[in-house]
Amino acid sequence: MMINTNLDRKVIRKKYEADSVILIENFLSDDYAEHLYNFFYNQIPNDGWYCFTYPNAKEEKTFSKNRYLPIEQDNIELSKKIARDVFKTNLFATIFDVTLDNHQEECNCVECQLRQYLASAGVLEFLYDVTGEKVIQPKEILATRYGEGDFLAPHKDPNRGKIGFVYSLTKGWRAEWGGNLHFLNEKNWTLVERVIVPKHNLLTIFSLNNNQGKPHFVSEVSHAASTKRISISGWYK
Ligand SMILES: [Zn+2]
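In this text, all values refer to a predicted model and were calculated from it rather than measured experimentally.

Caption draft 1: Seen up close, the overall build of the protein chain. Helix and strand counts for the protein chain stand at 5 helices and 12 strands. Here the C-alpha atoms of the protein chain give a radius of gyration of 17 Å, agreeing with the 18 Å that 2.2 N^0.38 yields for 237 residues. Dimensions of the protein chain, computed from C-alpha atoms along their principal axes, come out at roughly 50 × 45 × 35 Å. Looking at the 237 residues of the protein chain, the share that counts as buried comes to 32%. Counted over contacts in the protein chain with a minimum sequence separation of 6, partners at least 24 positions apart contribute 76%.

Pasting the structure below:
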């Protein structure tokens, strides 16, 4: 079992019922969180990531995924520029990095092991204990990396499942560096209800209101950030 055995699931459940967003510090055992940190921060080479941007042209609902290879550098710059220009018009846009999805079926890398673990009965039971939601499997899991200038514009994620999560691996982050997860008021998206600053081994779980989603965004990472924001996020249905 890699979940921290000292967590009081009943106390967490009460907070979830009251707020529909919960922060669980020290979610995984220290050793395992450190193991994940080392993998995502130190072992994946830069070309083990893609630059993910949306949209890839104005008024087009498609994304771009360009691997961090020298020959893709021009494409990456252009895709980022398009996403930033669309962001300026207050339409949905995003720029962040995701890991390669070229792992084989029997791949036993740290990320593949983590993905299996997040789909295991032990984790599903934990999620039931702390939220009361009978989730059956992850709908989608992404390992994401945000560096300077990366952002995720406000959106709701409808039809993604019952709960969303963000598991942060980042160490030493500062709120003023941006990269913070903001939850917005359902009816008025200019009102921020909660801001979550990345922190190592912090799990955030939020209700998707029976598939309706919840408005949120990740603020743009500042030029002052001396590290990148890496987290594993997704949804359970
Ligand atoms: Zn793998």
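Caption draft 2: Up close: the packing of helix 1 (residues 9–19) against helix 5 (residues 121–131). As a packed pair, helix 1 and helix 5 sit with axes 6 Å apart at the nearest point and diverge in direction by 60°. As far as their axial angle goes, helix 5 and helix 1 are oblique. Residues Arg9, Ile12, Arg13 and Tyr16 of helix 1 touch helix 5, and the partners they reach there are Asp129, Val130 and Thr131. Among the residues making up the contact of helix 1 with helix 5, the classes are represented as 3 nonpolar, 1 polar and 3 charged.

Caption draft 3: Local environment of the nonpolar core. In terms of nonpolar packing, the biggest core is built from 46 residues, with Phe27, Ala83, Ile163, Phe165, Tyr167, Leu203 and Ile205 touching the most fellow members. Contacts of Ala83, omitting those with residues within four sequence positions, involve Thr53, Tyr54, Ala93, Thr94 and Ile95.

Rules behind the numbers
Residues numbered from 1 in each chain as written. Predicted model: local features only at pLDDT ≥ 70, side-chain atom pairs only at ≥ 80, totals over all residues. Helix = DSSP H or I, 4+ residues; strand = E, 2+ residues; numbered from the N terminus. Rg over C-alpha atoms; globule rule 2.2 N^0.38 Å. Buried ≥ 20, exposed ≤ 12 C-beta atoms within 10 Å, placed from the backbone. Contact = placed C-beta atoms within 7 Å. Axes fitted to C-alpha atoms, helices over the stretch in contact; angles between N-to-C directions. Parallel < 35°, antiparallel > 145°, perpendicular 65-115°, else oblique. Nonpolar A, V, L, I, M, F, W, Y, C, P; charged D, E, K, R; others polar. Core = buried A, V, L, I, M, F, W, Y, C linked by C-beta atoms within 7 Å.

By themselves, these figures tell us nothing about what the structure is for.
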